[in-house]
Amino acid sequence: MNVILFGPPGCGKGTQARRLEDRFNTIQLSTGDMLRAEVASGSEIGRKAKAVMDAGHLVPDGVMIAMIANRIDQPDCKNGFLLDGFPRTTAQARALDEMLAEQGLRLDHVIEITIDAAVLAERLAGRFNCARCGAVYHDKFQRPKVDGVCDVCGSSTGFTRRVDDKADTVKARLKAYDEQTAPLLPYYQAREVLRRVDGMGSIDEVTRQLEAILEQA
Ligand code: AMP
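First things first, this report covers the structure right here in the doc. In this text the structure is predicted, and so the values were computed from the model without any measurement. Each chain has its residues counted from 1, following the order in which its sequence is written. Reporting in this predicted model follows two pLDDT cut-offs: at least 70 for local features of residues, and 80 or more for side-chain atom pairs to be given and counted; totals over whole chains, interfaces and linings ignore these cut-offs and use all residues. Only hydrogens and water are set aside; all other atoms, that is, all heavy atoms of the structure, feed into the side-chain values.

### Quick notes on the overall build of the protein
Stage number 1. Along the protein, the regular secondary structure elements total nine helices and eight strands.
Stage number 2. With C-alpha atoms as the basis for the radius of gyration, the globule rule is written as 2.2 Å multiplied by the number of residues raised to the power 0.38. Relative to the 2.2 N^0.38 estimate, which gives 17 Å for 217 residues, the radius of gyration of the protein is 17 Å and therefore close to what a compact globule would have.
Stage number 3. Reported as C-alpha extents along the three principal axes, the dimensions of the protein are approximately 45 × 40 × 35 Å.
Stage number 4. Buried positions account for 45% of the 217 residues belonging to the protein.
Stage number 5. Once local pairs closer than 6 in sequence are excluded, the contacts in the protein between residues at least 24 apart make up 68%.
Stage number 6. If you sum the accessible surface of the protein, you get close to 11,000 Å²; carbon and sulfur atoms cover 51% of it.
Stage number 7. His is not counted, nor are the chain ends; Lys and Arg add positive charge and Asp and Glu add negative charge. Charge positions come from single atoms, namely NZ of Lys, CZ of Arg, CG of Asp or CD of Glu. Treating the 29 positive side-chain charges of the protein as one cloud and the 31 negative ones as another, the clouds have centres 3 Å apart. Secondary structure counts use DSSP, requiring at least four H or I residues in a row for a helix and at least two E residues in a row for a strand, with both numbered from the N terminus. For the exposure calls, accessible area comes from a 1.4 Å probe over protein chains only, and a residue counts as buried if that area is under 20% of its type's maximum, exposed if over 50%, partly exposed in between. Any two residues having at least one pair of non-hydrogen atoms within 4.5 Å are treated as being in contact. In short, Shrake-Rupley with a 1.4 Å probe defines the accessible areas, and a residue's cover is counted only from the protein chains shown.

Have a look at this one:
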C-alpha cells in the first residue's frame, strides 16, 4: 500500500506515520528525517541542505527527487510506503508519478491532515525527539511515560529539539507549505484519491481516522 500524508508542519504526519507502520506492514519515508540524517553524517548533501532547512525553505527538487527515487527502490519498500514530507512541489509530484509508473506501482491513498493554523505554533514549539530513534514527543501533549526515557527504544541517551522549530523558521516553513505544497492538493483531488482527516483531535483519534481509511485499501 502506497500512501502520501499531507499537511502543514506540526499537523502530526510524522507521529501518525510511525504509528501506522507496523499495523499496515508498511514503512515511513520522511524526507525531513532523511535530510537530518545527511546533515548529521556531514555528507555533501547534508552540508548544502543544512542552511536551507535552518531557514525554513525547501531543498531543491533535484536533490529530493533523487533521494526518494533511491529510497523507494530499496527492498524494505516492497510492501509499500507512507510518504511523509514528499512531494512538496509540483515538480516532485510529477516525478513521483513517473517513478511509480516505471515500477508498476500506484498511489492507494493521499490523505491530508487538516488543522487550524493557530495551534501549529504551539505544537511545534513544544516538540522534541529521542536522540537515538527519533520518536516524537511534546512538552504538553505527549511526554515520555518515564521522564528522560524514550517509550519506543528505551534509550536514556537524551532528547533533541529541531533547530527549525523556532518561531521565525516556523513562519517560513508554513509559508513554504501554503505557497508550494498546498497547491498540490487539487492535483490529487482531481484524481479522486484525496481524503481528509481532522488533525485537531487527540493523537489516538487521528490514528483511528487514518486506520479507517487505510483499512479500505
Ligand atoms: P520536515 O521534517 O518534513 O518538516 O522537513 C524539514 C525540512 O527539510 C523542510 O523544512 C525542508 O527544508 C526540508 N525538506 C523535507 N522534505 C522536503 C521536500 N520534499 N522538498 C524540499 N525540502 C524538503
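### Notes on the sheet that holds strand β5 (residues 127-130)
The strands making up a sheet associate through backbone hydrogen bonding, with each pair oriented either parallel or antiparallel.
Stage number 1. The strand order across the open sheet built from three strands is β6-β5-β7, with neighbouring strands paired in antiparallel fashion. Edge positions in the sheet fall to β6 (136-138) and β7 (159-160), since each has one partner strand and no second.
Stage number 2. Should DSSP find at least two bridges between two strands, the strands are taken to pair. In this structure, β5 lies alongside β6, joined through three bridges in antiparallel fashion. Counted as the bridge partner of Arg 127 is His 138 from β6.

It is worth stressing that arrangement in space is one thing and function is another; only the former is reported here.
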